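Here is what each chain is made of, one letter per residue.
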Amino acid sequence: GSALAADPITQRQDVFKDYKKTFGTMGDMVKGKTPYDKAEFAKLAAHMEVISKQPWQYFTPGTDKGKTGAKAEIWSKGAEWKQEISKHEAATAELAKVAATGDLAAIKPAFGKVGQTCKSCHDTFRKPD
Ligand code: ASC
């Protein structure tokens with residue numbers, strides 16, 4: 001490995017930047033801001049499922065200090081935090097499954113459900129902007 005490996009805060013933030021791009025591009029299609037492209041949307045949803053498993057390993061002890069939106073509750077209420085992650089991973093897996101069908105009417109609520117799991121976790125575990 002590199003001697004200059006990024007710190008865990010930067011590593012998780014890099015994943016969330018990917019989230020923003022991926023989920024944002026899907027959101028534009030869901031909202032009709034850009035044309036719905038079945039293949040592209042399905043690819044993004046599959047990618048979202050992959051990255052939904054990645055940030056959590058970087059919430060290592062002590063990394064609520066520094067330039068981060070992470071609240072100390074992640075560590076003091078770890079079981080609750082892991083529940084939020086489970087719901088989020090389940091919702092992204094469901095979205096990827098539905099996206100593969102190309103049924104936009106079914107995709108919309110599945111997309112909304114993923115967003116709800118983002119927000120639900122942020123409400124307790126992320127500092128306000
Ligand atoms: C986004 C984003 C979030 C979620 C959340 C959904 O695009 O950055 O944190 O969706 O706002 O409610």
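Residues numbered from 1 in each chain as written. Predicted model: local features only at pLDDT ≥ 70, side-chain atom pairs only at ≥ 80, totals over all residues. Heavy atoms only, no water.

### Observations regarding the packing of aromatic side chains
(1) Moving on: Per the counting criterion, the structure on display carries 9 aromatic pairs.
(2) Moving on: Ring centres 6.1 Å apart and planes at 85° place the aromatic pair Trp-56 and Trp-81 in the edge-to-face group. You can see Trp-56 sitting in the loop between α2 (38–51) and α3 (73–76) and its partner Trp-81 sitting in helix α4 (residues 78–99), a full 25 residues away along the chain.
(3) Moving on: Accessibility expressed as a relative area gives 16% for Trp-56, which makes it buried.
(4) Moving on: Look at Trp-81 and you get buried, because its relative accessible area is 7%.
(5) Moving on: Among the aromatic side chains, those forming a connected cluster through ring pairs are Phe-16, Tyr-19, Trp-56, Phe-59, Trp-75 and Trp-81.
(6) Moving on: A cation over a ring is seen here: Arg-12 above Phe-59, with NZ or CZ 4.3 Å from the ring centre. (Phe/Tyr/Trp six-rings, centres within 6.5 Å; stacked < 30°, edge-to-face > 60°. Helix = DSSP H or I, 4+ residues; strand = E, 2+ residues; numbered from the N terminus. Buried < 20%, exposed > 50% of the residue type's maximum accessible area, 1.4 Å probe, protein only. Lys NZ or Arg CZ within 6 Å of the ring centre and 35° of its normal.)

### Quick notes on the pattern of salt bridges
(1) Moving on: Inspection of every chain in the model, using the stated rule, returns 4 salt bridges.
(2) Moving on: Close ionic contact of Lys-33 with Asp-28 constitutes a salt bridge, the shortest N to O distance being 3.7 Å.
(3) Moving on: Taking relative accessible area as the criterion, Lys-33 reaches 66% and is therefore assigned exposed. (Salt bridge = Lys/Arg side-chain N within 4 Å of Asp/Glu carboxyl O.)

### Focus on α4
(1) Moving on: Helix length check: α4, at 22 residues, gives a terminal C-alpha distance of 31 Å against a target of 32 Å (1.5 Å per residue), a fit within 8%.
(2) Moving on: Taken together, the buried positions of α4 are Gly-78, Trp-81, Glu-84, Ile-85, His-88, Ala-91, Thr-92, Leu-95, Ala-96, Val-98 and Ala-99.
(3) Moving on: On its buried face, α4 is in contact with α1 (8–30), α2, α3 and α5 (104–125). (Expected span 1.5 Å × (residues − 1). Contact = heavy atoms within 4.5 Å.)

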